[in-house]
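Fold and contact review
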Amino acid sequence: MTQTQTLNPSKATTGREVVLEIRGLDVDYGFGPDAVRAVSGADLTLHRGEVLGLAGESGSGKSTLAYALTRLLRAPGVITGGEVLFHSRPQGADAGPVETVDILAADAKELGRMRWSELAVVFQSAMHALNPVARIDAQLTDVLKAHRRHMSPAERRERAVELLRMVGISADRLRSYPHELSGGMRQRVMIAMSLALEPQVVIMDEPTTALDVVTQREILEELMLLRERLGFAVVFITHDLSLLLELADSIAVMYAGRIVERASAAELFRAPRHPYSLGLKGSFPSLHGERVRMEGIPGAPPSLKSMPSGCAFHPRCKFAVDRCKVDLPPLATPAMDRIDGLPDVSAPTPTQRVSSCWLHDGQQAAPDALALPFPTPVHLPDQVATAPNGDTASGADRVPSSTTVTHPTLGSTS
Amino acid sequence: MRALLRRLWFYLVAAFAAITLNFFIPRMVPGSALQNFLAKMNTASLTPSQLQALEAQYGGGHQGLVAQYLTYLGNLFHGNLGMSTSLSTPVSTVLGNDLPWTIGLVGSATVIAFLVGTLIGVLAGWRRSGLLDSLLPAATFFQAVPYFILASLLMLTLGFYGGMFPTGGAYDTGRFATVTPGWNGPFMANVIDHAALPAATVALASIAGWIIGMRNMMITTMDEDYVLVAAAKGLPRWRVVAVAARNALLPSISNFALSISLVVTGSIVTEIVFNYAGVGREIFNAAQAADYPVMQGILLVVTFTVLGANLLADIVYVALDPRARKVA
């Protein structure tokens, strides 16, 4: 049962096996003519043990996307298209047969079984995510009761103690009520709870936004250690791009319901290709590095009811050209990042960086700020060997096109 | 626990204030029980010794107010509520006869209305705009209709024309009665048969409140993050609803305790229409006969019921909501 914990951490994090695939996901709010599209055509791929960041302003559809893929959307949210494939590997068995479930097509029973045991969620507000009238132990053990029928009450209690210890809370807190805990402790309980069944994927919807920065840092570091130990993959939703640059392996930037750029954290950090990513990046001060003028993004995100024609970002974009106002740019590999011999740019591989911007269609030279060079692994194969996760041993079996897993800042401290 | 003791102290003070008011208010009203009695007497002649005897029985004006008050407190302490001027029996006996009927009738009707209404409310809130929601206007209609019309309506349709239930009384009496009062099966069945219509009146008139209150709380609570978490945990659906219902129930509990206090008085109209031998009918009769001791006695019972119900609400709330356990 605890086999996953004893897994070799490097093995758990290096696998490039896909665990969650989202294809063309459309989510509407409301029905009929009043419906607004909150997420359209979202494609995402989450690899086993990977941290995938979802970034964007409020209202960009990142939380809606996360709730849709767990089918937890509240009315009037409706999933109108696409599929979410979960490639589940039996627990404990490393090389067991992979079972694929289409979450959007699963019936209630299947969904109930999958939830939490394979796909857990940590919500933004720890203040409200715990049932105020139930004790911590009851909230930790009810999942075990529902999913692990064979466990005895004593075993469940033992597991609850173990879970709390994992997040640094002493066992005497088991009998506490949520209101007797601090905000940070509550979020820790929430994280412990999400790991109760050793899920393969944990979705975190702004898990630390409601906390002060010190607690935030503590919890995130703990979380990353736990992830290395237990090997679960994380979908990390936040508006804080600088945070994502530290902890995510790859990042998808959302704007007005669409994914506008998808790249590895390092790529996005060093060389953003979409003007919106650039704007987001410029909105957060960096603690290291030279002083730069904070720019932010002028204007406000569009209302979903009256979306601009063409690229939704063009009214706020300082690089916008005429074509941006008319045609919607496809999510494609930027011209400058295309690798010779891979002609099919309209269907990039999941690990290839993509950006939805006309400036990168190869017809003109992209503005300098969006055309910073970023070495791809294919040109610099030695970079695989210097990846900070200690997975140099497995570097040999990597395909050349795989992106490098790097933590620009956190990587050096871990 | 300390919080509860402090509450208890508050309730003692409130009870004492109620007892004191209950003593002074009738004494501020012009006239007296004795005068009322004399006014109703048909015989014109009354010997001084007879008058003295009556004065002794109804409490004359020989003592000062303070001494009377102390006597009143002493009597109350011994459960002596005085004599009914219209029935010539001790008030405690009158109340002892009436209370079980009222508590049985209105109490059970209130509890049933609360339980059924809350359950419907939970289901209606969970399945918003479902079939149960369309039931709401009917429920509110029954609440909006005046009590006595609803009572008469039920009596006419189901009782008189339908012939399904008896139209009055608490049990069969008179020549054709086949039951003997006591704890026996046929009599209990007869009592339930008689209580059906008045209980239905009380329940129908109050159930909409429970349904709507619970439904609205349920809708609010279903939107809470912890309910979403319960669903995300993959708990069985009824467990998710239970999490929401458990939290949505809290305001209803206080309302329920408050409605208990109406059990004793809220039944006046129902009891009169159905000629039901309870406290409601008694206070109506006592008011007509200017029977102050009975009215005082009933007032006292009502006051104590209200206080008791509130205390109960406090205790239950503290038991159900851990956040209320902190000493404020």
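Residues numbered from 1 in each chain as written. Chains lettered and ligands numbered in written order. Predicted model: local features only at pLDDT ≥ 70, side-chain atom pairs only at ≥ 80, totals over all residues.

An unreviewed UniProt entry lists chain B under the name ABC transporter permease, from Streptacidiphilus pinicola. Under the UniProt heading Sequence similarities (unreviewed entry), the entry covering chain B gives this text: "Belongs to the binding-protein-dependent transport system permease family." (UniProt positions renumbered as here; feature names shortened; annotations may be inferred.)

1. Considerations on the packing of helix α5 (residues 91-126) of chain B against helix α8 (residues 185-222) of chain B
All names here are of chain B. The contact between α5 and α8 brings their axes to 6 Å, and the two run at 35°. The way α5 lies across α8 gives a crossing that is right-handed. Its residues placed into classes, the contact of α5 with α8 shows 23 nonpolar, eight polar and one charged. (Axes fitted to C-alpha atoms, helices over the stretch in contact; angles between N-to-C directions. Helix = DSSP H or I, 4+ residues; strand = E, 2+ residues; numbered from the N terminus. Left-handed = near helix turned anticlockwise from the far one by under 90°. Nonpolar A, V, L, I, M, F, W, Y, C, P; charged D, E, K, R; others polar.)

2. Let's talk about the sheet that holds strand β4 (residues 77-88) of chain A
Residues and elements named next belong to chain A. Strand order in the open sheet formed by four strands is β2-β1-β4-β5, and the pairing between neighbours is antiparallel. Since the sheet does not close on itself, it has two edges, and those belong to β2 (36-47) and β5 (99-102), each with one partner. For this sheet, the mean inter-axis angle between neighbouring strands, taken without regard to orientation, is 5°. In this structure, strand β1 (residues 18-29) lies alongside β2, joined through eight bridges in antiparallel fashion. Residue pairing in the sheet places Glu 21 in a bridge with Thr 45 of β2. Sitting on the sheet, helix α2 (residues 62-69) is in contact with β1, β2 and β4, with an inclination near 115° to β1. (Pairing = 2+ DSSP bridges. Contact = placed C-beta atoms within 7 Å.)

3. Describing the confidence of the model for chain A
All names here are of chain A. For chain A, the mean per-residue pLDDT works out to 80, and 81% of the residues sit at or above 70. The secondary-structure element of chain A with the lowest mean pLDDT is helix α1 (residues 9-14), recorded at 37, while strand β9 (residues 250-255) shows the highest, at 93. The low-confidence segment residues 1-15, where pLDDT is below 50, has 27 contacts with residues more than four positions distant or belonging to other chains. Contacts of residues 377-414 to residues separated by more than four positions or lying in other chains number 59 contacts, the stretch itself having pLDDT below 50. (pLDDT = per-residue confidence, 0-100.)

4. Some details on the interface of chain A and chain B
On the side of chain B, 19 residues touch chain A, which itself brings 24 residues to the contact. Elements supplying a minimum of two residues to the side of chain A that touches chain B: α3 (108-114), α4 (126-129) and α5 (136-147) of chain A. The element contributing the most residues to the side of chain A that touches chain B is α5(A), with four residues. When grouped by side-chain class, the residues that make up the side of chain A that touches chain B number twelve nonpolar, eight polar and four charged.

5. Topic: the sheet that holds β9(A)
Residue and element names in this part refer to chain A. Ordered in space as β6-β7-β8-β3-β9-β10-β11, the seven strands form an open sheet in which the pairing is mixed. The strands lining the two open edges of the sheet, one partner per strand, are β6 (119-122) and β11 (354-355). Note: β9 against strand β10 (residues 258-264), six bridges, orientation antiparallel. By the bridge assignment for β10, Met 254 is matched with Ile 259. Across the sheet, helix α7 (residues 183-194) touches β6 and β7 (201-205), and the angle it forms with β6 is around 175°.

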